[in-house]
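The lines below spell out each chain.
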Amino acid sequence: MSDQLLFSVFPYVAVIMAVVVTLVRYRFQKFKFSSLSSQFLEGKSLFWGSVPWHIGIIIVLAGHFVAFLLPEQILAFNSVPARLVLLEVTGLAMALLALVGLALLIFRRLNNKRIQAVTTTSDYVVLLVLLVQVISGIMIAVGHRWGSNWYASSMVPYLRSLFLLKPNLGFVVSMPWTVKIHILNAFVFIMLIPFTRFVHFLVVPFQYVNRPWQIVRWNWDPSRSRKS
Amino acid sequence: MKVRSQISMVFHLDKCIGCHTCSVACKNLWTDRKGAEYMWWNNVETKPGTGYPFRWEDQNDYNGGWIKKGSRIELKGSSKLQAFKNIFHNPNLPVMDDYYEPWTYKYEDLINSPEQDTQPTARPVSLVTGEYIDIKGGPNWDDDLSGSEEFAKNDPNFDKMSAEEKDGLFNLQRMVMMYLPRICNHCLNPSCLASCPSGAIYKRGEDGIVLINQDACRGWRMCVSACPYKKTFYNWETGKSEKCILCFPRLEVGEVPACMHSCVGRIRYLGVLLYDQDQIENVAHMEEGQLIDGQVNAILNPFDPEVIKAAKESGLADSMIEAAQKSPVYKWVKEWKVALPLHAEYRTLPMLFYVPPLLPIMGNISENGYDNSNHTYFTSIEKSRLPIQYLASLFSCGDEGKVRDVLKKLMAVRIFRREESVGDQSKPWVQKALSEVGLDEKTANAIFKLTSMCTFEERFVIPASHREMAIEMTKMVLEAKGETGFGTSNKPERI
Ligand code: SF4
Ligand code: SF4
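Just so we're clear, the structure is a prediction, and the values are computed from it rather than from any experiment. (Residues numbered from 1 in each chain as written. Chains lettered and ligands numbered in written order. Predicted model: local features only at pLDDT ≥ 70, side-chain atom pairs only at ≥ 80, totals over all residues. Heavy atoms only, no water.)

**Q** What's the story with a nonpolar patch on the surface in this structure? I'm lost.
**A** A contiguous nonpolar surface patch, about 460 Å² in accessible area, is contributed by Leu5(A), Leu6(A), Val9(A), Val13(A), Met17(A) and Phe195(A). For Met17(A), the position within the fold is in helix 1 (residues 2-28). (Patch = residues over 30% accessible without salt bridge, like charges linked within 9 Å, V, L, I, M, F, W, Y side chains within 5 Å. Areas by Shrake-Rupley, 256 points an atom, 1.4 Å probe, with all protein chains shown as cover. Salt bridge = Lys/Arg side-chain N within 4 Å of Asp/Glu carboxyl O. Helix = DSSP H or I, 4+ residues; strand = E, 2+ residues; numbered from the N terminus.)

Structure below.
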């Protein structure tokens with residue numbers, strides 16, 4: 001029963017909450033959407049924290065996403081042992097990179113007085129959730145080989161069933177506790193997006209690539225105002 | 001020809017007394033808030049000096065502005081793609097210590113102190129951490145050449161000078177200084193705008209004011225590093241960037257921006273310039289030596305019937321054209337050509353112009369002190385105390401001829417006025433001085449008048465902004481009654 005609640009009800013609650021609150025906030029409280037960068041207050045150790053963290057986590061997340069979309073292809077790719085090892089080693093290396101970055105970021109936030117001045121409870125929550133996620137992920141990768149294989153074969157069907165609105169717990173129930181925590185925490189993370197600085201990755205400015213250099217805005221259209 | 005209007009400014013540096021009234025007026029009005037305490041949208045620097053933030057002119061360090069690569073110009077700090085990498089950590093971003101850590105004093109300790117043998121003190125506390133701090137520097141720590149070993153000697157404009165030349169300048173007898181008040185230049189080719197990945201920065205079509213939309217800014221802080229003048233600032237509390245808004249809420253109701261209104265030396269002029277939008281891209285790509293001429297050429301003559309016709313076709317209101325005709329800025333910049341942009345080599349086409357100061361130049365030291373003997377006025381420019389090279393590095397991309405021409409004009413006006421009021425110069429000599437710099441008596445008088453006898457209305461010519469029309473275009477006017485017209489309706493809070 002509790003598995004039902006945690007793995008087939010909670011994900012929906014989390015996602016719906018995330019979507020609804022995000023939309024409402026984006027519409028009515030746009031001011032809150034910011035990276036809340038603290039580089040201005042402390043720039044040096046941010047570099048060693050933020051850059052490895054972001055690179056590591058983006059690549060790991062991309063891996064999860066690709067496997068979600070193309071599980072068969074991943075399995076086929078992994079059928080050659082050398083390729084499997086390559087994938088696993090890369091994934092683990094990136095996760096460790098992210099962990100190192102995250103650890104530095106946490107250390108920085110706790111120890112720098114200026115950073116402390118702009119730290120709120122939500123920042124601690126954010127760091128805690130991320131830490132749990134990365135550590136549980138690394139524990140899984142190390143303790144339950146080969147993650148890229150069984151994620152594609154056993155977890156993706158569950159995630160897809162959620163996606164198709166026909167939740168099928170399948171193998172989830174029998175998974176070790178590390179995996180369960182990893183899944184649950186992922187949905188906690190999603191739920192927290194609109195309430196924390198996580199919003200920043202919803203507004204990554206891809207539009208910049210195609211934008212003209214200069215932007216001019218008018219209070220009113222000059223060609224019409226003259227005639228009026 | 002696509003005619004656009006821009007509210008632009010001239011600062012007459014000979015008149016600045018370095019009182020910082022402008023800075024304080026601005027601070028009181030706009031940046032007296034948490035996260036903005038360290039921001040001085042208007043600041044006054046002593047030159048030679050390192051300025052605020054520290055050595056802001058050193059673009060090898062800050063990488064602001066544009067550079068020309070081959071036939072194209074690009075942002076010096078980062079290409080569009082690099083910007084995505086720099087989002088995690090912007091290598092060119094100045095940090096708080098490059099400005100200063102804002103502080104206040106524990107005044108309540110003075111009042112609440114128990115009776116004791118010693119005087120109570122109000123110790124300084126940081127406005128960021130709230131803890132006691134040791135004040136190491138402030139936004140004008142280089143005022144009046146104080147600490148010149150640390151500040152004046154490190155002026156980036158001296159970087160090209162030899163150590164000897166530099167040391168010569170700091171002989172006590174030769175020491176010389178000037179003030180440089182700075183605000184955002186509301187550039188025609190703003191690099192802050194070009195660098196904003198979110199597209200939150202925009203230039204207003206009506207008056208060319210460059211603004212940051214606080215609701216669209218995401219705190220990627222690229223504008224802070226891309227503005228070569230360091231006139232965008234990151235609010236560390238709200239996580240948004242902010243900059244000088246040229247007091248647009250005041251301008252829209254016909255009031256003068258606070259820094260200009262309060263200026264004690266009355267050094268500031270504000271008015272409309274019409275320019276040809278089609279030329280701007282071209283000008284921004286010109287060779288360094290042509291940048292200033294190119295920019296001035298793009299400014300249009302508001303009396304020319306052709307221009308007036310084109311302006312109307314481009315949709316400019318009659319009131320705007322009229323304001324352009326009365327503009328004091330037009331006179332300084334285009335008619336008389338005695339105002340120059342600051343560091344035009346950054347290629348942002350700044351629309352704040354400076355009349356370079358004559359005073360630190362003139363008092364040339366001969367054996368016995370100041371040399372003010374007759375008929376040597378132009379010579380004193382040649383043998384100036386403050387090397388022309390220094391002024392040229394500020395105001396004319398290093399072209400000494402350009403600055404010298406301006407100074408000679410100002411000097412000729414002086415000689416002319418001295419003859420008029422004191423009568424100890426000879427007429428023919430005065431005429432020669434005027435004709436040598438291409439001025440006639442009428443213009444010389446006009447320059448004199450606008451320099452020292454100008455009225456408030458002559459210094460500031462603000463066009464009607466026609467916000468009523470702007471509202472009519474979008475909604476029922478009666479419904480909009482009582483609306484403030486600017487700002488956001490939410491409290492500026494972090495998430
Ligand atoms: S001075 Fe700087 S902030 Fe102002 S418009 Fe130019 S580039 Fe932008
Ligand atoms: S108020 Fe005027 S005179 Fe005083 S420092 Fe500012 S610009 Fe100079």
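**Q** Just to check I follow, could you spell out the pattern of salt bridges for this structure?
**A** Pairs may arise between side chains of opposite charge once their charged atoms sit close together. Scanning the model with the defined rule gives 30 salt bridges over all chains in all. The residue Arg182(B) makes a salt bridge to Glu45(B) at a minimum N-O spacing of 2.9 Å. In this pair, Arg182(B) is assigned in strand 7 (residues 178-182) and Glu45(B) in strand 2 (residues 43-47), connecting sequence segments 137 residues apart. As far as burial versus exposure is concerned, Arg182(B) and Glu45(B) are alike and both buried. Residues Lys153(B) and Glu149(B) are paired through a salt bridge, measuring 3.2 Å at the closest nitrogen-oxygen approach. Each of the salt bridges in this network shares a partner with another, and the network as a whole consists of Arg109(A), Asp123(A) and Arg197(A). (Buried < 20%, exposed > 50% of the residue type's maximum accessible area, 1.4 Å probe, protein only.)

**Q** Can you walk me through the site of ligand 1 in this structure?
**A** Cys184(B), Asn185(B), His186(B), Cys187(B), Pro190(B), Ser191(B), Cys192(B), Val210(B), Cys227(B), Tyr229(B), Thr232(B) and Lys243(B) make up every residue found near ligand 1. Tallied by class, residues from the shell around ligand 1 come to seven nonpolar, four polar and one charged. (Near = heavy atom within 4 Å. Nonpolar A, V, L, I, M, F, W, Y, C, P; charged D, E, K, R; others polar.)

**Q** How should the nonpolar core be read in this particular structure?
**A** Side chains that are nonpolar tend, in soluble globular proteins, to be buried together. Core analysis: the largest hydrophobic core is formed by 145 residues, its most contacted members being Tyr38(B), Met260(B), Trp332(B) and Phe395(B). The element contributing the most residues to this core is helix 19 (residues 400-421) of chain B, with nine residues. Not counting residues within four places of it along the chain, the set of residues in contact with Tyr38(B) comprises Phe40(A), Lys27(B), Tyr52(B), Met96(B), Tyr99(B), Tyr100(B), Pro102(B), Phe233(B), Tyr234(B) and Trp236(B). The next biggest cluster of nonpolar side chains, apart from the first, holds 22 residues, and it includes Phe10(A), Trp150(A), Val179(A) and Phe187(A). (Core = buried A, V, L, I, M, F, W, Y, C linked by side-chain atoms within 4.5 Å. Contact = heavy atoms within 4.5 Å.)

All quantities given are derived from atomic positions and should not be read as evidence of function.
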